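Descriptive structure summary
Take a look at the letters that make up each chain.
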Amino acid sequence: MKLQQLQALIALADGGGIRAAARMLGLSQAAVSKTLRELEQEQRLPLLQRHASGARLTEAGQTLLIHARQVAMQLERAHGEMEAMRGQRDARLCIGVTPWLVPTLLPEVVLRFRQRLPEIRLELFEGLLAVALPRLRDGQMDFAIGPLFEPLAQEFHCQPLFSHGGRVFARNGHPALRAQSLSALLEQDWVVNYSPASYRHVLDRLFTRHGLAIAPERLICAQSMALLAGLVQAGMLSYGPEPLLLCPEFAGKAQALSLREDMEEIVIGVISLQGQAHGYAARGFIDCLRQTLRQRMRSAQPEDRALARMLTLRF
């Protein structure tokens, strides 16, 4: 595959036809058509469905388009980093961060990073994985820091940082706080975060591994911290990272249940596309995060000690 072939495929998808793609690329329609025909011949698959009003991608074309966009984005990042190192352009680093890190660790990490690489334009998303993964796939995000689970490894590179316990929790005063087993909670409504890829893993982590099953309609997906906190305060149960209980949305408002079932450890790490090398800015941010974690684990401050008791470093 040649870069100009992938660029032609992207332009056709964005423009909706050969004429628009040619205009976007500054080429003749004949040149674009020839480039796309050569790509189809090399792949031995029909990538386009041509019709009187234009052309659209086949299933094979849509699959290749995902990779073409990633290649184009990676090259753009490489150009940007080289220009930034020459002082010709500000480099940009876009990161998705699991919500509980925002009030606990992130401010110190960002300040440390700004001191080290002040020329980098930093863009942060407070994103549960259901929000972050689509941005990783289309190249809008450099990496995410979030929970790792087996299905992720099939599509993404996962680099562990630390682990913590998972806990079932409810708002203060909830009758379920008296429960001693998950089996007593199957008729409750639950709110958790999951993506389509992680749904089965969430079910297994919480119920199946304990020989339990819950009706699908009992499990509600919340894709923001505000939604999660609001529905917990409304009376739903939730399952998630223990450090979440230190965040302002939950601290003093919710508590973990004491259940006989052992909850599986949750590993938090850096999630990026397979085969995508981290640039110098990404490496710098990850190193700042590691330094902050080491420092917090040694700190005598009460809030740091509370967090340190929940975490186990994995690097």
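Read on for an overview of the structure. Quick caveat: nothing in here was measured; it's all calculated off a predicted structure.

About the criteria used
- Residues numbered from 1 in each chain as written.
- Predicted model: local features only at pLDDT ≥ 70, side-chain atom pairs only at ≥ 80, totals over all residues.
- Heavy atoms only, no water.
- Helix = DSSP H or I, 4+ residues; strand = E, 2+ residues; numbered from the N terminus.
- Buried < 20%, exposed > 50% of the residue type's maximum accessible area, 1.4 Å probe, protein only.
- Contact = heavy atoms within 4.5 Å.
- Areas by Shrake-Rupley, 256 points an atom, 1.4 Å probe, with all protein chains shown as cover.
- 1 Å grid on protein atoms, 1.4 Å probe; cavity = no way out; pocket = protein on both sides within 12 Å on 5 of 7 lines; lining within 4 Å.
- Points joined across faces, edges and corners; volume = space filled by probe spheres on them.
- Nonpolar A, V, L, I, M, F, W, Y, C, P; charged D, E, K, R; others polar.
- Core = buried A, V, L, I, M, F, W, Y, C linked by side-chain atoms within 4.5 Å.
- Phe/Tyr/Trp six-rings, centres within 6.5 Å; stacked < 30°, edge-to-face > 60°.
- Expected span 1.5 Å × (residues − 1).
- Patch = residues over 30% accessible without salt bridge, like charges linked within 9 Å, V, L, I, M, F, W, Y side chains within 5 Å.
- Salt bridge = Lys/Arg side-chain N within 4 Å of Asp/Glu carboxyl O.

**A few points about the overall build of the protein chain**
- For the protein chain, the helix and strand inventory stands at 11 helices and 12 strands.
- Along the first, second and third principal axes, the C-alpha atoms of the protein chain reach 70 × 50 × 30 Å.
- Per-residue burial over the protein chain gives 49% buried out of 315 residues.
- Considering only intrachain contacts with a sequence separation of at least 6, the fraction spanning at least 24 residues in the protein chain is 76%.
- Carbon together with sulfur atoms contributes 51% to the accessible area of the protein chain, which is approximately 15700 Å² in total.

**Regarding unusual backbone geometry**
- The phi dihedral of Arg44 is positive, around 55 degrees, even though this residue is not glycine.
- Secondary-structure assignment places Arg44 in the loop between α3 (29-43) and β1 (48-51).

**A short note on the layout of surface pockets**
- Of the volumes computed, that of the second largest pocket is approximately 230 Å³.
- Ile66, His67, Gln70, Gln74, Arg137, Glu155, Leu273, Gln274, Gly275 and Gln276 together form the lining of the second largest pocket.
- Per element, the largest residue contribution to the lining of the second largest pocket is 4 residues, and it comes from helix α4 (residues 59-85).
- Considered class by class, the residues forming the lining of the second largest pocket number 2 nonpolar, 6 polar and 2 charged.

**Comments concerning the nonpolar core**
- Counting residues in each nonpolar core, the largest one holds 66 residues, and the members touching the most others are Val168, Leu182, Leu185, Trp190, Phe250 and Phe285.
- Broken down by element, this core gets its largest block of residues, 8 residues, from helix α10 (residues 280-298).
- With 19 residues, the next largest nonpolar core counts Ala11, Leu12, Ile18 and Ala21 among its residues.

**Observations regarding the packing of aromatic side chains**
- Counted by the stated rule, this structure contains 5 aromatic pairs.
- Plain terms: the ring middles of Phe113 and Phe285 are 5.4 Å apart, the flat faces sit at 65 degrees to each other, and that makes the pair edge-to-face. In this pair, Phe113 is assigned in helix α6 (residues 106-116) and Phe285 in helix α10, connecting sequence segments 172 residues apart. There is no split in this pair, since Phe113 and Phe285 are both buried.
- Grouping aromatic residues by their ring pairs yields a cluster made of Phe113, Phe143 and Phe285.

**Observations concerning helix α1 (residues 3-15)**
- Counted at 1.5 Å a residue, the expected span for α1 with its 13 residues is 18 Å, and the 18 Å between its end C-alpha atoms agrees.
- Burial in α1 covers these residues: Gln5, Leu6, Ala8, Leu9, Ile10, Ala11 and Leu12.
- Just downstream of α1 lies Gly16, where phi reads positive at about 90 degrees.

**A word on a nonpolar patch on the surface**
- Taken together, Leu3, Val71 and Leu75 make up a surface patch of nonpolar side chains, about 210 Å² in accessible area.
- Here Leu75 is to be found in helix α4.

**Details of the environment of Met225**
- Structurally, Met225 is set in helix α9 (residues 225-233).
- Residues Met225 and Trp100, 125 residues apart in the sequence, show an inter-C-alpha distance of 8.6 Å.

**Quick notes on empty space enclosed by the protein**
- As enumerated under the stated definition, the model contains 2 cavities of 30 Å³ or more in all.
- Its volume calculated, the largest cavity comes out at about 390 Å³.
- If you list the elements that add at least two residues to the lining of the largest cavity, you get β6 (156-171), α8 (199-206), α9, β9 (238-241) and β11 (265-273).
- With 4 residues, β9 is the largest single contributor of residues to the lining of the largest cavity.
- When grouped by side-chain class, the residues that make up the lining of the largest cavity number 17 nonpolar, 8 polar and 1 charged.
- There is about 40 Å³ of room inside the second largest cavity.

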